[in-house]
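So you can see what is in the structure, the chains are spelled out below.
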Amino acid sequence: MSDSGDRDLTLRGLIHDLNNVFQTILDAADLLAQDEKWASLAGNIERTAERGHRLTQSISEAAGSTFRLQVIVEIAMQFARDYLYATQHHPIEFQSEVPANLRIRGNPVSWERILVNLLLNSAQAMPTGGWVKLTAEAHDSSATIRLEDNGPGIPREILARVFEAHFSTKPANSGMGLHIVRSLVELDNGTVSVVNREEGGAAFVIEARC
Ligand SMILES: Nc1ncnc2c1ncn2[C@@H]1O[C@H](COP(=O)(O)OP(=O)(O)OP(=O)(O)O)[C@@H](O)[C@H]1O
Ligand SMILES: [Mg+2]
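All values reported here derive from a predicted model rather than from experimental measurement.

K.L.:
Just give me the short version of the pairing of strand 6 (residues 191-196), but keep the residues and values in it.
P.N.:
By the bridge criterion, 6 bridges tie strand 6 to strand 7 (residues 202-209) in an arrangement that is antiparallel. Each residue of the ladder has a partner; that of Val-192, found in strand 7, is Ile-206. Hairpin connection of strand 6 to strand 7: 5 residues between the antiparallel strands, including Gly-200 at a positive phi of 100 degrees.

K.L.:
An account of the layout of surface pockets is requested, with residue identities and associated values reported.
P.N.:
Here the largest pocket is characterised by a volume of approximately 650 Å³. Along the wall of the largest pocket there are 27 residues; nearest its centre are Asn-121, Gln-124, Thr-169, Lys-170 and Leu-178. When contributions to the lining of the largest pocket are tallied by element, the ones reaching two or more residues are helix 4 (108-124), helix 5 (177-187) and strand 7. Counting residues per element, the lining of the largest pocket draws most heavily on helix 4, which supplies 6 residues.

K.L.:
I'd like to hear about the site of ligand 1, residue by residue, with values.
P.N.:
What surrounds ligand 1 is a group of 20 residues, the closest being Asn-121, Ser-168, Thr-169, Lys-170 and Ser-174. Gly-175 is positioned such that a nitrogen or oxygen atom in its backbone is 3.0 Å from an oxygen atom of ligand 1. Between ligand 1 and Leu-178, the relevant distance is 2.8 Å, taken from an oxygen atom to a main-chain nitrogen or oxygen of the residue. Alone, ligand 1 offers 600 Å² of accessible surface; in the complex the protein occludes 91% of this. The cavity that encloses ligand 1 is the largest pocket. Of the residues belonging to the shell around ligand 1, the class tally is 9 nonpolar, 9 polar and 2 charged.

K.L.:
Mind laying out a nonpolar patch on the surface, listing which residues take part and the relevant values?
P.N.:
A contiguous nonpolar patch, built from Leu-11, Leu-14 and Ile-59 and spanning about 250 Å² of accessible area, is present on the exposed surface. By relative accessible area, which is 53% here, Leu-14 ends up exposed.

K.L.:
Got a sec to walk through the packing of helix 4 against helix 5? Specific residues and values, please.
P.N.:
Angle between the axes and distance between the axes: these two values describe a pair of packed helices. Where helix 4 contacts helix 5, the axes come no closer than 9 Å and their chain directions differ by 150 degrees. Overall, the two elements helix 4 and helix 5 adopt an arrangement that is roughly antiparallel. You can see that helix 4 and helix 5 cross each other, and the crossing is left-handed. For the pair helix 4 and helix 5, the contacting residues are Ser-110, Trp-111, Arg-113, Ile-114, Asn-117, Leu-118 and Asn-121 in the first and Gly-177, Leu-178, Ile-180, Val-181, Leu-184 and Val-185 in the second. Looking at side-chain class alone, the contact of helix 4 with helix 5 contains 8 nonpolar, 4 polar and 1 charged residues.

K.L.:
Any chance you could break down the sheet that holds strand 7 for me, citing the residues and the numbers?
P.N.:
Hydrogen bonds along the backbone pair up the strands of a sheet, which may run parallel or antiparallel. Taken in spatial order, the 5 strands of this open sheet run 2-4-5-7-6, and their pairing is mixed. Either end of the sheet is taken by a strand with one partner, and the two such strands are strand 2 (92-97) and strand 6. Averaged over all pairs of adjacent strands, the angle between strand axes in this sheet comes to 15 degrees, irrespective of strand direction. Relative to strand 7, strand 5 (residues 142-149) runs antiparallel, the two being bridged by 7 bridges.

K.L.:
How would you summarise unusual backbone geometry if you had to cite specific residues and measurements?
P.N.:
In the Ramachandran plot, Gln-88 falls in the positive-phi region, its phi being about 55 degrees despite a non-glycine side chain. When you line up the elements, Gln-88 lands in the loop between helix 3 (69-86) and strand 2. Assessed through its relative accessible area of 75%, Gln-88 is described here as exposed. A positive phi angle, near 65 degrees, is found at Asn-189, a position not held by glycine. Residue placement: Asn-189 occurs in the loop between helix 5 and strand 6.

Rules used throughout
All residue numbers here refer to positions counted from 1 along the written sequence of the relevant chain. Chains carry letters from A onward and ligands carry numbers from 1 onward, assigned in written order. In keeping with the model being predicted, local features are shown solely for residues with a pLDDT of at least 70 and side-chain atom pairs are shown and tallied solely at 80 or more, while totals for entire chains, interfaces and linings include all residues. Note that the side-chain values use all heavy atoms of the structure and ignore hydrogens as well as water. By the convention used here, strands pair only if DSSP detects at least 2 bridges between them. What counts as a helix is a DSSP run of H or I of at least four residues, what counts as a strand is a run of E of at least two, and both are numbered from the N terminus. Site definitions follow a grid-based scheme: protein atoms alone, a 1 Å grid, a 1.4 Å probe that fits but cannot get out for cavities, and for pockets an open set with protein on both sides within 12 Å along at least five of seven lines, plus lining residues having an atom within 4 Å of a point. Grid points are joined across faces, edges and corners, and a volume is the space filled by probe spheres set on the points. Throughout, the term near means that a residue has one or more heavy atoms lying within 4 Å of the molecule or strand in question. Under this definition, polar contacts are N or O atom pairs within 3.5 Å; protein pairs additionally need one hydrogen-donor-capable and one acceptor-capable atom, and for neighbouring residues in sequence, both atoms have to be side-chain atoms. Areas reported as accessible are Shrake-Rupley estimates using a 1.4 Å probe. Residue values count occlusion only from the protein chains shown. In this scheme, a molecule is assigned to a cavity or pocket if more than half of its atoms are within 2 Å of the grid points. Lys, Arg, Asp and Glu make up the charged group, whereas Ala, Val, Leu, Ile, Met, Phe, Trp, Tyr, Cys and Pro make up the nonpolar group; the residues left over, Gly among them, are polar. Patch construction takes residues with relative accessible area above 30% that form no salt bridge. Like charges are linked within 9 Å, and nonpolar side chains (Val, Leu, Ile, Met, Phe, Trp, Tyr) are linked within 5 Å. Salt bridges are defined by distance alone: a side-chain nitrogen of Lys or Arg within 4 Å of a carboxyl oxygen of Asp or Glu. Throughout, exposure labels follow a simple rule: accessible area from a 1.4 Å probe, protein chains only, divided by the maximum for the residue type, with under 20% read as buried, over 50% as exposed, and the rest as partly exposed. Only the stretch in contact is used when a helix axis is fitted, and all axes are lines through C-alpha atoms; the angle between N-to-C directions ranges over 0 to 180 degrees. Just so you know how the angles are binned, under 35 degrees is roughly parallel, over 145 roughly antiparallel, 65 to 115 roughly perpendicular, and the rest oblique. The handedness criterion is simple: a crossing whose near helix is rotated anticlockwise from the far helix by less than a right angle is left-handed, and one whose near helix is rotated clockwise is right-handed. Any two residues whose heavy atoms approach within 4.5 Å are treated as being in contact.

Pasting the structure below:
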């Protein structure tokens, strides 16, 4: 089994056993509730154990599930449009070509953040407008997501540094965007890299698990 397969199994095992713990606490609280003296405390314990159950459920949904990439791309692009409108940025043409049935393994909220960071970077590199194109292609157990723009591209001398924390060429920014992007992609067992397109403009290439 692959490393990530081992990790999935370990995580699912932990979630399973944590649910046993919460179930035991719930059952014990039920017993406690039979004594009137402890009824109020039993209610408190029960609600807390149920909360634990819900939280572990959300871990398992985030860890083991897949989502439709096309849906998340649309949400990210709409947010980027709203952001540009609100900040009075020149409009950018966002295009996407994503197979309707392509599913990615991971946390959809993380992937929305990954895409929004990349889309806003492209837009910020093109203050007078331009386009960003996102394409995705499925392989056996992975997918390649390419996000290209027709901005100035990334100067050769900083190409190796853009994923570093706090690296920025913008006076008012923190330089955390691409560092967060890389961390989130890797958390879902993917990789991300950047190249400049021959025609000009930057191209971010993500290999994601599906
Ligand atoms: N599409 C792009 N075209 C040109 N340069 C880019 C592009 N994306 C990133 N860069 C360069 O990489 C640097 C690092 O990007 P990163 O997203 O990490 O930080 P930032 O955008 O400067 O700040 P933050 O994301 O924290 O607001 C940018 O400052 C910019 O110089
Ligand atoms: Mg950024």
